[in-house]
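Structural overview for review
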There are 2 protein chains.
Amino acid sequence: MAEYCIGIDLGGTFIKFGLLDRSNKVSGIFQLPTPNDKGPEPVIQQMIAGGKRLLADNKLGVKDVLGAGIGSPGPLDFVNGIVRDLPNIPGFQNVPLRDRIAKGIGVPAELENDANAAGLGEYLAGAGKGYGDIVLLTLGTGVGSGIIVDGKILHGWHGTGAELGHIIVQPGGELCACGQRGCLERYSSATNMARYAMRLIQEGRESSLRETLGRQGSIDARDIELAAKAGDKLAAEVWDRSLYYLAVGCVDICRTFDPDAIVLSGGLTKAGDMLLRPLLDHVRKLHWTIMDIMTRIVIATLGNDAGVIGAAGVAWQKFGGQKAAAAIK
Amino acid sequence: MAEYCIGIDLGGTFIKFGLLDRSNKVSGIFQLPTPNDKGPEPVIQQMIAGGKRLLADNKLGVKDVLGAGIGSPGPLDFVNGIVRDLPNIPGFQNVPLRDRIAKGIGVPAELENDANAAGLGEYLAGAGKGYGDIVLLTLGTGVGSGIIVDGKILHGWHGTGAELGHIIVQPGGELCACGQRGCLERYSSATNMARYAMRLIQEGRESSLRETLGRQGSIDARDIELAAKAGDKLAAEVWDRSLYYLAVGCVDICRTFDPDAIVLSGGLTKAGDMLLRPLLDHVRKLHWTIMDIMTRIVIATLGNDAGVIGAAGVAWQKFGGQKAAAAIK
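Residues numbered from 1 in each chain as written. Chains lettered and ligands numbered in written order. Predicted model: local features only at pLDDT ≥ 70, side-chain atom pairs only at ≥ 80, totals over all residues. Heavy atoms only, no water.

Description of the nonpolar core
- Counting 106 residues, the largest nonpolar core has Ile224 and Trp239 of chain A together with Ile224 and Trp239 of chain B as the members making the most contacts within it.
- The contacts of Trp239 of chain B, once residues within four sequence positions are left out, are Met193, Ala221, Ile224, Glu225, Leu268, Ala271, Met274, Leu275 and Pro278 of chain B.
- Core analysis: the second largest hydrophobic core is formed by 32 residues, Phe17, Leu54, Val65 and Phe78 of chain B among them. (Core = buried A, V, L, I, M, F, W, Y, C linked by side-chain atoms within 4.5 Å. Buried < 20%, exposed > 50% of the residue type's maximum accessible area, 1.4 Å probe, protein only. Contact = heavy atoms within 4.5 Å.)

Considering the sheet that holds strand 7 (residues 93-95) of chain B
All names here are of chain B.
- The strand order 5-6-7 describes an open sheet built from three strands, whose pairing is antiparallel. Each edge of the open sheet carries a strand with a single partner, namely strand 5 (76-77) and strand 7.
- Where strand 5 meets strand 6 (residues 82-85), two bridges bridge the pair, whose relative direction is antiparallel. Note on strand 6: the bridge partner recorded for Leu76 is Val83. (Pairing = 2+ DSSP bridges. Helix = DSSP H or I, 4+ residues; strand = E, 2+ residues; numbered from the N terminus.)

Remarks on the interface of chain B and chain A
- Between chain B and chain A, the residue contacts involve 45 residues of the former and 45 residues of the latter.
- Across the chain B-chain A interface, the total number found is zero salt bridges.
- In this assembly, chain B and chain A are joined by 28 residue pairs in polar contact (both at pLDDT 80 or more).
- Per-element tally for the side of chain B that touches chain A: the top contributor is helix 8 (residues 233-256) of chain B, with eight residues. (Salt bridge = Lys/Arg side-chain N within 4 Å of Asp/Glu carboxyl O. Polar contact = N/O pair within 3.5 Å; in protein donor to acceptor, adjacent residues only side chain to side chain.)

Some points on the packing of aromatic side chains
Residue and element names in this part refer to chain A.
- Applying the stated criterion across every chain yields a total of seven aromatic pairs over all chains.
- Ring geometry for Tyr187 and Tyr245: centres 4.3 Å apart, planes at 35°, overall tilted. With Tyr187 in helix 4 (residues 184-188) and Tyr245 in helix 8 (residues 233-256), the pair connects residues that are 58 residues apart, well separated along the chain. For the pair Tyr187 and Tyr245, one class covers both residues: buried.
- Ring centres 5.1 Å apart and planes at 75° place the aromatic pair Tyr244 and Tyr245 in the edge-to-face group.
- Residue Tyr244 is classed as partly exposed on the basis of its relative accessible area, which comes to 21%.
- Aromatic rings pair up to connect Tyr187, Tyr244 and Tyr245 into one cluster.
- One Lys or Arg, Arg241, reaches over the ring of Tyr196 and ends 3.4 Å from the middle of that ring.
- Over the face of the ring belonging to Trp288 we find Arg255, whose NZ or CZ atom lies 3.7 Å from the ring centre. (Phe/Tyr/Trp six-rings, centres within 6.5 Å; stacked < 30°, edge-to-face > 60°. Lys NZ or Arg CZ within 6 Å of the ring centre and 35° of its normal.)

In C-alpha cells, the structure reads:
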C-alpha cells in the first residue's frame, strides 16, 4: 500500500529530497547540488535522479508512493505546473517541471511555490504543529510568506497572493526591487537591514560597525545583532527599525488573516529572544486595544527542511485523498 | 421541497428580511424598524415576527425553508451563535441570537457578521457575480470588509480576521477608535474624510466648505465631493488623500488575498467615476511593476440589500448541502 509522498525542494544552490508518511513523519532527507549554469535540462535530470535515489535508498518502489510535490521559486503557473522563470538559473523559462518530474520518476507530481511549501511544512511538522491557521514569514534575502487557512495553502485567485513581503508598511517609503515603495521586505529582510546600516555608516554616522565594514567589505544582519548586543547605538537603532516594521506587518496579518500563529523563519530568527522580545513589544504598542492579541508569534523549528517537508505535504493533499486529509491534522 | 433560505439583516435602525432561492434569486425584501431602546427582547421578537411575516407574505411554510441566516454587527461568537455586544442597542450583550431566532421561526439558523454577509451577497447576486474570490470594502461611517475565498467567507482562526478597515496604512498616523494608529478606516471612511476637512477648515485653511460648515454645522463626504468637482482646492486635497490611502489598502489586498475583484460599497461610491478614476490612478502608481494588475476594482450593485441577501446565502451554505454549494456559482 502506497504510504509515502516524495518532497523535492528546488533551490538555486541545492536540491533537497525527502519522504513524508501518512502521519507526517519525515525520513530520508538528503541534498544534491543544483547544476545552475547549463539551463533547465541538467536541473531536471538531477531532480529525477535524486527522486529515484530517494526511493532506492529507502527500498521503495513507485507503487509505495502516492506522488511527488515540488517546491520551486516563482513565478509559477500552478494550473499547468510550469515554472515561468527562475532568476537564479539562466535559461530556466517556461519549463513544464511538474510533468517532466512526474514522467521521469514515474509518479504523479504537483508544483508549489517554495515559500508556500515551507509554510505547509512548518504547519504539518514544525512550529505550526498543533496550531490552527498559520502564517509563515521567512526573513532572509527577502521576506517570503506562506499562508495556511483550514489546512490548505492560500494562493490567491491568480496565484499571486500570499506575498506578504510586499505589503506596504511605509507609504512613499524606500523603493523595493518589486517596483513598489515601502514594502515590508524593504525594511525587515536581513539583507535590507544590513543595507540600511551600511548606508547610515557611509553617511558618516558613528558606529563600531564602521570597523567591521572596513575589515569585511560588507556587514550582515548577524554583525548588527552582535553590535547591538554590545551596546552600539546605530546597530540598536537599525535592529529596532527592522522589528518595528515587522511588527506593523504582524498587526496587518492579524487584521487580515487572524491566524492562530505567525511562524518566523530564516537567518534573522537565529537571534532568538533578541528578535522576539522587541518584536512583541512593538506589536503590543501597535495592536488595537478593543481586543486582546490572540495570535501567537513563534520561531520556526524545521530550518531549511521546511520546504522539502511541505512539498511532500502538498503531494499528500493532492494525491492522498480523504484519508490523508483527515490524517493531516 | 425546501427551496428557500431566509435572510435577516439586523441594523441599528432597521431590520431587513428577504428570501433567496437555490439559483440566488432574491424575493420578498422588506424592513421593519429596530426597537433599539428597550434591550434585546423586543429586537428578538421583531426579528421573529418579521421572519414569520416573510413566510406568510410569500405563502410559504417552514417546510419550504432550509434555514435562516442572520447578519449582525459584531463582536460575535460564531461557534455558539452569540452576539457579544451591539454598541447601538443598549443592553444587547451576550444574546444567543441564533438559537432564539431558530426556535422562534421554527427553522435552523446561522449567525454571521454583517459585513461578511454583505460580501457574500455581492458575490452571489451583485457586483461580484461572475468573479472568483472577492473582497468587499464598505466605505461609510467606518470601513467594513468581507472576504470570499473559494466561495466561502474568511473569518480568521479566532473569528476576528477580515477587518481590513484596521490594516495600518500609515504607521504612527492618526489615532483610530480601535486604539491603533494609522488604520485605513481613519483615512478612507466617509466620516473620517469629512472630519479631516473640518479640521483643516478650523485650522484656518481657505475653502468654499467653510461657508457650508457654517450653514449646516457640519459637512459630509458628499459636500467634499461637490466642492472638489466645483474646483475647491482643499476639498480636492481631502478627497485625494482619502483615495490615496484607499489605494494603499487595495494594493495590500492584492498582495495578501489577490482577489479576482475588489468590490466597493457604501455612501462614498455614489461618487462613481469621481471615486474610481483617481483611486485606480493611485493604485497604478503604488502597485508593483513585476506583474500587471490582475484584480479588478468595481462598485457594488446591491446597496443596502447586500447584507440580507448574503445572510440568506450563509444559510444556503450551512443548510443547503452539496447541491446548493454547486448551485452557488
